[in-house]
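The lines below spell out each chain.
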Amino acid sequence: MKSAFPLGPETDWQKTSTPDILRPTRMSRLARALALVGTIAVAVAAGLWSAHLALTSEDLFKPIRIGVWGAHPLAGTPEADPYSAAIYARTGRIPLANGEGVAFVASTDSSGELLSPACNYRIAGQTPTARLWTLTSADRDGRLMPTPAGRVSLSSLGLLRASDGSFEVSASRAPRPGNWLPLGTGESLSFILRLYDAPITTGATLIGLAMPEITKVSCP
Amino acid sequence: MSGRRLLVRLALYGLASLFLAGIVHIFVVLTVPGHVRAEAFARLARIGSDRQFHVLPAVAPGAEPLPMLDPEMGHALCWFRLADGPVSLSAAVNSPFWSMALFNGAGEVVYSLNNRTSGSGELAMLVLTTPQLSILRANPPENLDELIVIETDQTEGFVLLRAFIADRPSTEVISSGLKAARCDTLKPDMPASS
């Protein structure tokens, strides 16, 4: 730039260029419009996908966990967290109320592997104190699966136990001696352990509670 | 446009879409109950007339009356609208475990208890709105102290009875016990004076 004045400290500012980061730049209109649409599209897709994931894979949000067993004790009450509320509403299920009991669901075995109805499992150990409990086999959405035996559950009252009160249940498609929990013909599997009239629903501590272990015995 | 500037711009767009995605996610999760619950309960409401316990069919694979019910249990359900008057509930089922849960119209638990809570073998409950309770207080029924009184601001709701079926032969006994449970309108006695 040609200056009328000789260059010196007073005119140096004319030569100083704005730093790159401060100089305003604009994208073309088309680029801006595309970027805006793209941002919103990505956001909506990601939001819907993550919500779907959160509401279909129930394992993500289980307020109470003992081993592989998880429960939503507040689900179905006005104090439920939004995820439990949405999951219960979506599946239209009627929750077990606090004065009745609590339902624990396991969809993996104790080594963390997803349960499969084609495999044989051993469910053994102790349960927290409860007046009555029932163990049910269902698919991962909680739907019951037809079994040749005609039943999909067993209860603590009709159970064979060891002398120390522990029990062992064999879950398989083929009949087993002892406590047999029949498995159905389906794609996925989960076990539901419902504890009725259990102190843990009325504020007793969860520390030190033992739930049964689920061990895979064999897989065809 | 330098490469670094482009990177900054991309990162900002990414951040913006992340925030937006969060908003969409929260919005979806919060609106799901309102949208889909009505559907599930419409099916429930078609079960029969109000103020009468209807025994649900046995929970069997492929024929579950409602999702996630315990196949080891028998169930009975009674709908009511409080505008039609206070509801008086009583049940006595011959089962080692049975329970009663009161739900509001949105399917949320309002109150629940089981046969051990009551001490005796029978559960009795009175559900009413605040105005109905004040009317009742002016002229209490004789057995009011034996009832569990539940005051609610809900206009409608239902009661679910569950009873454990220990073995197949007792199915009949339990379902007749469930059917015999009462879900009546409390008859308001006429004021004695006037």
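Once a new chain begins, its residue numbering starts again from 1 and follows that chain's sequence as written. Lettering for chains starts from A, numbering for ligands starts from 1, and both go in the order in which the items are written. Given that the model is predicted, a residue must reach a pLDDT of at least 70 before its local features are reported, and side-chain atom pairs must reach 80 or more before they are shown or counted; all residues, however, enter totals for whole chains, interfaces and linings. To get the side-chain values, all heavy atoms of the structure are used, and hydrogens and water are removed first.

Caption draft 1: Quick peek at the overall build of chain A. Looking only at helices and strands, chain A features two helices and ten strands. Put simply, DSSP marks the helices as runs of H or I at least four residues long and the strands as runs of E at least two long, and each gets a number from the N terminus on. Of the regular secondary structure in chain A, the N- to C-terminal order runs α-β-β-α-β-β-β-β-β-β-β-β. By definition, residues are in contact when any of their heavy atoms lie within 4.5 Å. Here the contacts in chain A between residues at least 6 apart in sequence split such that 69% fall between residues at least 24 apart. Of the roughly 11,400 Å² of accessible surface on chain A, 60% is carried by carbon and sulfur atoms. The accessible surface values rely on the Shrake-Rupley method and a 1.4 Å probe; as for residues, cover is taken only from the protein chains in view.

Caption draft 2: Structural detail: the packing of aromatic side chains. Pairs were defined over the aromatic rings of Phe, Tyr and Trp, the Trp ring being its six-membered one, requiring ring centres within 6.5 Å. Orientation was assigned from the angle between planes: stacked under 30 degrees, edge-to-face over 60, tilted for the rest. Under the definition given, this model contains five aromatic pairs over all chains. Judged by centre distance (6.1 Å) and plane angle (85°), the ring pair of Tyr 121 of chain A and Phe 191 of chain A falls under edge-to-face. You can see Tyr 121 of chain A sitting in strand β4 (residues 120-125) and its partner Phe 191 of chain A sitting in strand β9 (residues 190-196), a full 70 residues away along the chain. Judged by its relative accessible area of 2%, Tyr 121 of chain A is buried. The exposure class of Phe 191 of chain A is buried, given its relative accessible area of 0%. Through pairs of rings, three or more aromatic residues link up here, namely Trp 79, Phe 103 and Phe 158 of chain B. With a 1.4 Å probe rolled over the protein chains alone, any residue whose accessible area is under 20% of its type maximum counts as buried; one over 50% counts as exposed, and the rest are partly exposed.

Caption draft 3: Seen up close, the nonpolar core. Counting 30 residues, the largest nonpolar core has Trp 69, Phe 104, Leu 135, Phe 191 and Ile 214 of chain A as its most contacted members. Taken together, the elements giving at least two residues each to this core come down to β1 (64-66), β2 (69-71), β3 (101-106), β4, β5 (132-138), β7 (167-172) and β9 of chain A. Once you skip the residues sitting within four places of it in the chain, Phe 104 of chain A turns out to touch Ile 64, Ile 66, Trp 69, Gly 70, Ala 71, Phe 191, Ile 192, Leu 193, Leu 195, Ile 200 and Met 211 of chain A. Definition used in this section: a nonpolar core is a set of buried Ala, Val, Leu, Ile, Met, Phe, Trp, Tyr and Cys residues joined via side-chain atoms within 4.5 Å. One finds Cys 78, Phe 80, Val 87 and Leu 123 of chain B within the second-largest nonpolar core, a separate group that totals 25 residues.

Caption draft 4: Highlighting the pattern of salt bridges. What counts as a salt bridge is simple: a side-chain nitrogen of Lys or Arg found within 4 Å of a carboxyl oxygen of Asp or Glu. Inspection of the entire model under this criterion finds nine salt bridges over all chains. Notably, a salt bridge pairs Glu 100 of chain A with Arg 162 of chain B, separated by 3.1 Å at the nearest N-O pair. Linking Glu 100 of chain A in the loop between α2 (82-91) and β3 with Arg 162 of chain B in strand β8 (residues 156-164), this pair reaches from one chain into another. Exposure class is identical for Glu 100 of chain A and Arg 162 of chain B. Each is buried. What emerges from the salt-bridge pattern is a single network uniting Asp 139, Asp 141 and Arg 143 of chain A.

Caption draft 5: Seen up close, the sheet that holds β2 of chain A. All names here are of chain A. Note: two strands are recorded as paired if DSSP finds a minimum of 2 bridges between them. Reading across the sheet, the six strands line up as β1-β2-β3-β9-β5-β6 and stay open at both edges, with antiparallel pairing between neighbours. Of all the strands in the sheet, just β1 and β6 (153-155) have a single pairing partner and so form its edges. Sheet twist, expressed as the mean angle between neighbouring strand axes with direction ignored, is 20°. Both β5 and β6 contribute to a ladder of three bridges, which runs antiparallel. An axis is simply a line fitted to the C-alpha atoms; with a helix, the fit covers only the stretch in contact. Between two such axes, the angle follows the N-to-C directions and lies from 0 to 180 degrees.

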